[in-house]
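Listed below, chain by chain, are the residues.
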Protein chains: 2
Amino acid sequence: MNIDFTYENPTAIHFGKNSLDVLGDELKKYGDTVMLAYGKGAIKRNGLYDSVMKILQDGGKKVVELSGIMANPTYKKVVEGVELVRKNNVDLILAVGGGSVIDCAKAISVSAHCEEDYWKRYWIDFKPLANEVVPVASILTLAGTGSEMNAGSVITNEEQKLKMGRVFPANVNPKFSILNPEYTFTLPKYQMVSGIFDMMSHLMESYFSNEDDVTTDYLIEGLLRSIIHSARKAVQDPKDYEARSNLMWSSTLAMNPIMGLSKKQDWEVHMIEHQVGAYTDCAHGMGLAAVSLPYYRYIYSYGLDKFVRYAENVWNIDGTGKTKEEIALAGIDALEAFTKECGMVTSLKELGATEEMLPQIANSTVILDGGYKKMTAGEILDILKKAY
Amino acid sequence: MNIDFTYENPTAIHFGKNSLDVLGDELKKYGDTVMLAYGKGAIKRNGLYDSVMKILQDGGKKVVELSGIMANPTYKKVVEGVELVRKNNVDLILAVGGGSVIDCAKAISVSAHCEEDYWKRYWIDFKPLANEVVPVASILTLAGTGSEMNAGSVITNEEQKLKMGRVFPANVNPKFSILNPEYTFTLPKYQMVSGIFDMMSHLMESYFSNEDDVTTDYLIEGLLRSIIHSARKAVQDPKDYEARSNLMWSSTLAMNPIMGLSKKQDWEVHMIEHQVGAYTDCAHGMGLAAVSLPYYRYIYSYGLDKFVRYAENVWNIDGTGKTKEEIALAGIDALEAFTKECGMVTSLKELGATEEMLPQIANSTVILDGGYKKMTAGEILDILKKAY
């Protein structure tokens, strides 16, 4: 743990089949006006909307609704929410949904009291948070992004064709999050496995960076093994509570500062995928899966020992009689076989990309410097072509 | 993650070589009167006392001192602290030391505003916290107990010959903790390896319980591997910053609710050791090491599959051609070999116990029911004899 850090995570997690029972008591801590933020209506079909609304009404809350939050939440949607918060003096934003809904809620939270152009200040210029926030809480229905216990918010500006993410201080974390694995049972398999790759990718972005010896890397290996184990069971039976609950908690931890402490971290796969998403609106995890395989085959030799460790400790590759190169590649092959086993989509073409888009995606990708090899736009284009 | 849980951990961790730099800013959040709680003077010899005192004075704080907190903090010491807090209207208790000092600070924190017999209420009757607490913060100088990021407090009542521990709600957690691995460099090796076994034991107490499939168990395996790896390096070179920093962070996580989520947990080894400690005042980790080996050799067959998993995933035992029984025992043998390699003391006799004490220890041990086998006082006596 050579790199100094500060870690603070004040979100209270209520986890399990009966976790909604705490909502009434939690709501008492906040003012009367609650903005209920949700997606495109899945929670109306599965009854969660009615359950939550009843608890809000029993608590005497005035409810303002922000519905229709999309898979890649847009700046336009944030503006809509900000106006609602300002007009109604909202005391708490209750996000019911997946990471997109929670990310959108956090964006509204930091923007509502911002007196300048908040898109520019927070997502383009990455300036520090300098205003009050509206408290956010969440009820999670989709495992993947970890937004329920962090201060990250990824927003897409459709006009500018930019999908930009940033991490705010811990006071932007949801105050509490309710995680009932059963809420994820009705999710289509496509979304479930997309979320599974997303959580794995968060861990791999952190893992594949520095070569020094960090406790965090051992935790990541353990968590990846747990995800792989439970994913295989969940793909067989999406109603396996044990598997789905493990995946839900793993995803919360995977995109949590705790799995990145004292690490440099890469995140280039996410940068590339964000622009794939800005052009295709594909499922985030599927875009990550498509980009990861050619990306890791391209960079592994720059971090060879770590890729050997990954192969052996995460995928149980037996290295006997193999060169480091062979072991490392066997690890990436195991990752690829796993994506196929789970039915993940790893072709950008299938995800809606066209050949013409690829140079535009490559040229608009943010290039970071935390991984084993700093990319050029040309190298990113090569990777995109292999992922196509 | 079949068992529902609530997880909340509001402690802010400042970790690293420069972490003391934040103390001045943190102190601004609290009132003027700070009680500085510490042990038997090690922090005066290594200069930390002077550094902290200067920051307190620069911040204009009125300082009340509680010194001489012993390795197993006593109820009597808690009473002394409570009286100081009441008399001086202390706004913050700043614990500088290891887990004993922080545990004592937390005990004072919950007791100062308690209007009844707090020893009886909180450590004997285990009644819920029902009064305000005095904020606690810590500067850690010894890795092992994890007290810097949890709400536990273990106190010894010398007159009653009882060492009792309990976990309070998260508002008893230190508000912030400063963890600089260099502060552990001057610790005698005996204390260092005692702390190492303590952190391992915390993880094993959680690990060796239910047989279902829980993400937490994968995290524990990862963390145990990290501890074993870094302990070997630290025993060779106690000034290896990377190893000591890994151990410090591992110990914080090991005795943290996050490593016990959705687990039943055992903790019988700790119950036995607490009474060993009450009778001998031995170093906590050494007492745990002495008890653990015969305890696990006694219970492994009741949780055979888990002990096999432990052997393979934590100690890399190659199970080829071996029975489950042989693999499980090879895992415990590996643990024993590790204790010898680190120079841990595993004989109760060497830790100051006498044969006459053993029945008294056995008969006063709290018997829990979270592990693979519920003990009887007779079985505990057998284990103590083997540990003797």
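Residues numbered from 1 in each chain as written. Chains lettered and ligands numbered in written order. Predicted model: local features only at pLDDT ≥ 70, side-chain atom pairs only at ≥ 80, totals over all residues. Heavy atoms only, no water.

**Topic: the side chain of A:Glu221**
Mapping A:Glu221 onto the fold places it in helix α8 (residues 215–236). For A:Glu221, the contacting residues outside a window of four places in its chain are A:Tyr207, A:Arg309, A:Asn313 and A:Val314. (Helix = DSSP H or I, 4+ residues; strand = E, 2+ residues; numbered from the N terminus. Contact = heavy atoms within 4.5 Å.)

**Let's talk about the sheet that holds strand β2 (residues 33–38) of chain A**
Pairing in this open sheet of 12 strands is mixed, and the strands run β3(A)-β2(A)-β4(A)-β5(A)-β8(A)-β1(A)-β1(B)-β8(B)-β5(B)-β4(B)-β2(B)-β3(B) from one edge to the other. Sheet topology places β3 (62–66) of chain A together with β3 (62–66) of chain B at the edges, where each strand pairs with a single neighbour. Neighbour-to-neighbour, the strand axes of this sheet turn through a mean angle of 25 degrees, independent of strand direction. Strand direction decides the pairing type here: strand β4 (residues 92–97) of chain A and strand β5 (residues 136–140) of chain A, joined by five bridges, are parallel. Directly across from A:Ile93, in β5(A), lies its bridge partner A:Val136. Packed on one face of the sheet, helix α4 (residues 75–88) of chain A meets β2, β3 and β4 of chain A and runs near 165 degrees to β3(A). Relative to strand β4 (residues 92–97) of chain B, helix α5 (residues 99–111) of chain B is tilted by about 165 degrees, and along the sheet it contacts β2 (33–38), β3, β4 and β5 (136–140) of chain B. (Pairing = 2+ DSSP bridges. Axes fitted to C-alpha atoms, helices over the stretch in contact; angles between N-to-C directions.)

**Digging into the relation of the copies chain A and chain B**
Structural alignment of chain A on chain B gives an RMSD of 0.0 Å, achieved by rotating through 180 degrees and translating 0.0 Å along the axis. The transformation relating the two chain copies, once decomposed into turn and shift, fits a two-fold axis. Comparing interface residues between copies, 100% of those in chain A also sit at the interface in chain B, which points to an isologous, same-surface contact. (Least-squares fit on C-alpha atoms with pLDDT ≥ 70 in both.)

**Re the pattern of salt bridges**
Within this structure, the stated rule accounts for 36 salt bridges over all chains. Its salt-bridge partner being A:Glu336, residue A:Arg297 comes within 2.7 Å of it at the nearest N-O pair. Here A:Arg297, found in helix α11 (residues 284–299), pairs with A:Glu336, found in helix α13 (residues 324–342); they are 39 residues apart in sequence, far enough to count as distant. The class of A:Glu336 is partly exposed, set by a relative accessible area of 21%. With its nearest N and O atoms 3.6 Å apart, the salt bridge here joins B:Lys163 to B:Glu273. Here B:Glu273 lies in helix α10 (residues 268–280) and B:Lys163 lies in strand β7 (residues 162–167), a separation of 110 residues in the sequence. Across the pair, exposure class does not vary: B:Lys163 and B:Glu273 are buried alike. Linked by salt bridges that have partners in common, A:Arg297, A:Asp333, A:Glu336 and A:Lys340 make up one network. (Salt bridge = Lys/Arg side-chain N within 4 Å of Asp/Glu carboxyl O. Buried < 20%, exposed > 50% of the residue type's maximum accessible area, 1.4 Å probe, protein only.)

**Side note on the domain arrangement of chain A**
All names here are of chain A. The domain architecture assigned to chain A consists of domain 1 (12–183) and domain 2 (189–387). With centres defined by C-alpha atoms, the gap from domain 1 to domain 2 works out at 27 Å. Between domain 1 and domain 2, the contact holds 21 residues from the first and 24 residues from the second. Together domain 1 and domain 2 conceal approximately 2000 Å² of surface at their shared face, both sides included; 63% is due to carbon and sulfur atoms. Counting across the domain 1 and domain 2 interface gives eight residue pairs in polar contact (both at pLDDT 80 or more). (Domains from an automatic or database assignment. Buried area = accessible area lost by both parts, 1.4 Å probe. Polar contact = N/O pair within 3.5 Å; in protein donor to acceptor, adjacent residues only side chain to side chain.)

**With respect to the UniProt feature "domain: Alcohol dehydrogenase iron-type/glycerol dehydrogenase GldA" (unreviewed entry) in chain A**
Summarizing the sequence annotation, UniProt attributes the feature "domain: Alcohol dehydrogenase iron-type/glycerol dehydrogenase GldA" (unreviewed entry) to residues 10–181 of chain A in the numbering used throughout. For the annotated span residues 10–181 of chain A, helix accounts for 31% and strand for 26% of the residues, and the straight-line distance between the end C-alpha atoms is 22 Å. (UniProt positions renumbered as here; feature names shortened; annotations may be inferred.)

**Describing the environment of A:Thr280**
All names here are of chain A. Examined against the element boundaries, Thr280 turns out to sit in helix α10 (residues 268–280). Using a relative accessible area of 16% as the deciding quantity, one classes Thr280 as buried. Sequence-wise, Thr280 and Leu348 are 68 residues apart; in three dimensions their C-alpha atoms are separated by 9.0 Å. Ignoring any residue separated from it by four or fewer positions in sequence, one finds Thr280 in contact with Leu351, Gly352, Ala353 and Met357. At a separation of 2.8 Å, a polar atom in the side chain of Thr280 contacts the main-chain carbonyl oxygen of Val276. Among the polar contacts listed, one links the side chain of Thr280 to the backbone nitrogen of Cys282, at a separation of 3.2 Å.

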